[in-house]
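An overview of the molecular structure
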Amino acid sequence: MTELNKIALKIISNGKGILAADESNGTMTKRLDAVNVPSTPENRLLFRETLFSSESMKDCIGGVILYDETINQSVSSGKTVAESILESGAVPGIKVDTGAKVLANSVEEKVTEGLDGLRERLKKYYEKGARFTKWRGVYNINKFHPSKLAIHSNAHALARYSALVQECGMVPIVEPEVLMDGDHSAEDCLSKTSEVIKKCFEDLILHKVDLTGVILKPNMILPGDKSKDKISKEEISSKTLECLKNSVPKEVPGIAFLSGGQSEIQATENLNLINKNNNTDFIMTYSFGRALQQSALKFWSKDIKNIKGTQNIFNHRAKMCTLAAQGKWSSNLENK
Ligand code: 13P
């Protein structure tokens, strides 16, 4: 077993999942504005420290993805955020892309930037304690998209990023997110997501990335949020499994889904069924942002000093997600 494979397995084994707390300052400001909390560095840290010092960090959370601001902050004990996460038993990770920008010669499609100077930035993050990283490519579905140009450009960037990350001794999370926005069917989501993921792995292999030291972070296969196509939870799980079975090389140890705008319960329920029906050798877990933090953030915003109350809500959510990552969740557990 390579060191990278060991890190990947430590993050995602035994029902553990990833807390995606890597919202950029822009995104975090939108989230805090929505609950009327001023978006200051201190408040962003306070909310995150509340989560990172929760009980569930030990049993449920295998890794935390941080944003650049947070990895450079220290918690109230004086330790750095990365040290405090490590102490809780989870692995600190870091988002290293610099965001999705308009792709030249495309109509409103995006390519993710951040490769220039990446090797040097990675070395600094490694010194700060990060052992895994994230890069998100983003695609939308409509009559013309995702175009070949967007699929190729993002796959190329994800592959170059992954190779550099592994060179630096860290595990890359490869996140090609096909967005839920739109009126497309689940069948469209299945075919486009499969095409996107296959191209990513084609490029990862071309760039000699060690696939045993990679975690894939995909979307689940769902109809668009404005689609008339209503499908059952069974179909969501079977289509998601079909996509991954046919597009992901078997060397990849695990898959950690993003929640992508699903509610906390929807994301948990779908993950649970995917695991119940999992007919692959891949570990299937979560790497949720909103579906882990939404209720906790809402509660916290009412009284930002209520650490215990906020942690209780977060602990419950993390526990439910961890049960779902083992196919052991059921809706009656939500009210206990
Ligand atoms: P959501 O779970 O809120 O989609 O966020 C996951 C993530 O990290 C997106 O890049």
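Above this text sits the structure in question.
Notes on the structure in this doc start here.

Calculation criteria
Residues numbered from 1 in each chain as written. Predicted model: local features only at pLDDT ≥ 70, side-chain atom pairs only at ≥ 80, totals over all residues. Heavy atoms only, no water. Helix = DSSP H or I, 4+ residues; strand = E, 2+ residues; numbered from the N terminus. Expected span 1.5 Å × (residues − 1). Buried < 20%, exposed > 50% of the residue type's maximum accessible area, 1.4 Å probe, protein only. Contact = heavy atoms within 4.5 Å. Near = heavy atom within 4 Å. Polar contact = N/O pair within 3.5 Å; in protein donor to acceptor, adjacent residues only side chain to side chain. Areas by Shrake-Rupley, 256 points an atom, 1.4 Å probe, with all protein chains shown as cover. Nonpolar A, V, L, I, M, F, W, Y, C, P; charged D, E, K, R; others polar. Phe/Tyr/Trp six-rings, centres within 6.5 Å; stacked < 30°, edge-to-face > 60°. Lys NZ or Arg CZ within 6 Å of the ring centre and 35° of its normal.

Relative to the 18 Å expected for 13 residues at 1.5 Å per residue, helix α11 (residues 264–276) spans 18 Å between its end C-alpha atoms, a close match to the ideal helical length. Restricting attention to buried positions, one finds in α11 the residues Glu264, Ala267, Thr268, Asn270, Leu271, Asn272, Leu273, Ile274 and Asn275. Check the buried side of α11 and you find it contacts α10 (233–247), β9 (254–257), β10 (283–288), α12 (290–302) and α13 (307–324).

Surveying the vicinity of the ligand reveals 13 residues, the closest of which are Lys134, Lys217, Ser259, Gly260 and Arg290. Residue Glu175 places a side-chain N or O atom 2.9 Å away from an oxygen atom belonging to the ligand. Between an oxygen atom of the ligand and a side-chain N or O atom of Lys217, the distance comes to 2.7 Å. When isolated, the ligand has an accessible area of 300 Å², and the protein chains bury 91% of it. For the shell around the ligand, the secondary structure elements donating two or more residues are β6 (132–139) and β10. Taken together, the residues of the shell around the ligand sort by class into 3 nonpolar, 4 polar and 6 charged.

Next up on the list: the packing of aromatic side chains. Scanning the model with the defined rule gives 3 aromatic pairs in all. Taking 5.0 Å as the distance between ring centres and 50° as the angle between the ring planes, the aromatic pair formed by Phe47 and Trp300 counts as tilted. Within this pair, whereas Phe47 is found in helix α3 (residues 41–52), its partner Trp300 is found in helix α12, the two being separated by 253 residues in sequence. No difference in accessibility class separates Phe47 from Trp300, as the two residues are buried. Taken together, a centroid distance of 5.6 Å and an interplanar angle of 40° make the contact between Tyr286 and Phe288 tilted. When its relative accessible area of 0% is taken as the criterion, Phe288 is described as buried. Geometry around Tyr126 places Arg131 over its ring, the cationic atom sitting 3.6 Å from the centre.

By themselves, these figures tell us nothing about what the structure is for.
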